[in-house]
Amino acid sequence: MIGTVGNALLADKVALVTGAGQGMGREIAIGLAEAGASVVVADVNPDTVASTAKNIVESGGIAWAVPWNVANRDEATQVAQQVKQLAGDISILVNNAGIHRRGLVGDEKHFETWHEVMAVNVDGLLYGITAFLDQLKNTGGNIINLASIQSFAAAPNDTTAYSTSKGAVAMLTKSLAVEFARYGIRVNALAPGFIETPQTAISRANPDRMAFVMSHTPMKRAGQASEMAGPAVFLASPLASFVNGVVLPVDGGFLTL
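No experiment lies behind these values; they were computed from the predicted model shown. (Residues numbered from 1 in each chain as written. Predicted model: local features only at pLDDT ≥ 70, side-chain atom pairs only at ≥ 80, totals over all residues. Heavy atoms only, no water.)

**Remarks on the nonpolar core**
Formed by 37 residues in total, the largest nonpolar core has its most connected members in Leu 16, Trp 68, Ile 90, Leu 93, Phe 132, Ile 143 and Phe 180. For this core, the secondary-structure elements that each account for two or more residues are strand E1 (14-17), strand E2 (38-43), helix H3 (73-87), helix H4 (110-139), helix H5 (160-180) and strand E6 (186-192). Those residues within four positions of Leu 16 in sequence are excluded, and the remaining contacts are Val 40, Trp 68, Val 83, Ile 90, Ile 92, Leu 93, Val 94 and Phe 132. Grouped together as the second largest cluster of nonpolar side chains are 31 residues, Ala 33, Ala 53, Ile 144 and Val 250 included. (Core = buried A, V, L, I, M, F, W, Y, C linked by side-chain atoms within 4.5 Å. Buried < 20%, exposed > 50% of the residue type's maximum accessible area, 1.4 Å probe, protein only. Helix = DSSP H or I, 4+ residues; strand = E, 2+ residues; numbered from the N terminus. Contact = heavy atoms within 4.5 Å.)

Quick look at the structure:
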């Protein structure tokens, strides 16, 4: 249910969350709504994102669902215009949409995998930021990117493209934090650890991978998608008014070992 205690925190703010049809994006969108924001939820899958919007509305919040393939540059401009008409200028942009593809360098389809991952995880992020930049300037808003623990440390498997893309997200976050400070726009990132989402289903079914993850996680458990909401609300809120250029791990301590 959309609560009342935290409603003042993001009252009168309009947030947009990409990849909000499931997993972390869905939970972050719900968390922002619970903190009082009106939320535009976007996803390449129109059915799942409609479900997220319905959940927020039925719980007493305000939400709109917008289909969006973030890897399409022209689509980003169209979505920005649509969102402005629906909800007005956004104050919060959460770039959560991302994909994970495995493949070893030198494999037949490695370049195909590489370009597919970069198109969504890096290019798609920049397309969205560029399309919504004028709105964020108008509101003095803030941007939250989804990085990863693999922004800091490579995984011992065939994830070169994914790790490289998330390293790029971390550095892009820092670069834009410097560049956009002149506009009064803060830019930060969350770096999730091993979170139970549809994207990690294959890894969670692999005993060897789970053993490695748990050996590096002091809390000895996977995170829940809902545990990403609180850190996102914090970074989006006035509580983080002097927080800029941070890549915040939410990983149960994974990066400490």
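After that view of the structure, there is still more to cover.
**Quick notes on empty space enclosed by the protein**
Applying the stated criterion across every chain yields a total of one cavity of 30 Å³ or more. In this model, the largest cavity occupies a volume close to 80 Å³. Together, 13 residues line the largest cavity, and Thr 18, Asn 95, Ala 97, Gly 124 and Leu 125 are the ones closest to its centre. If you list the elements that add at least two residues to the lining of the largest cavity, you get H4 and H5. The greatest single-element share of the lining of the largest cavity, amounting to five residues, is contributed by H4. In the lining of the largest cavity, the residues fall into seven nonpolar, five polar and one charged. (1 Å grid on protein atoms, 1.4 Å probe; cavity = no way out; pocket = protein on both sides within 12 Å on 5 of 7 lines; lining within 4 Å. Points joined across faces, edges and corners; volume = space filled by probe spheres on them. Nonpolar A, V, L, I, M, F, W, Y, C, P; charged D, E, K, R; others polar.)

**Here's the deal with the pairing of E2**
Of all the six residues making up E2, six are buried; the element is thus mostly covered by neighbouring parts of the structure. Residues Ser 38, Val 40 and Ala 42 line one face of E2 and the alternating positions Val 39, Val 41 and Asp 43 line the opposite face, and both faces are buried. Both E1 and E2 contribute to a ladder of four bridges, which runs parallel. In the strand pairing of E2, Val 17 is matched with Val 41. Regarding topology, helix H1 (residues 23-34) serves as the crossover connection from E1 to the parallel E2, and that connection is right-handed. Direction of pairing for E2 relative to strand E3 (residues 63-67): parallel, over a ladder of five bridges. Considered in E3, the bridge of Val 40 is made with Trp 64. Between the parallel elements E2 and E3, the chain passes through helix H2 (residues 46-58) in a crossover that is right-handed. (Pairing = 2+ DSSP bridges. Right-handed = clockwise from strand over helix to strand, strands pointing away.)

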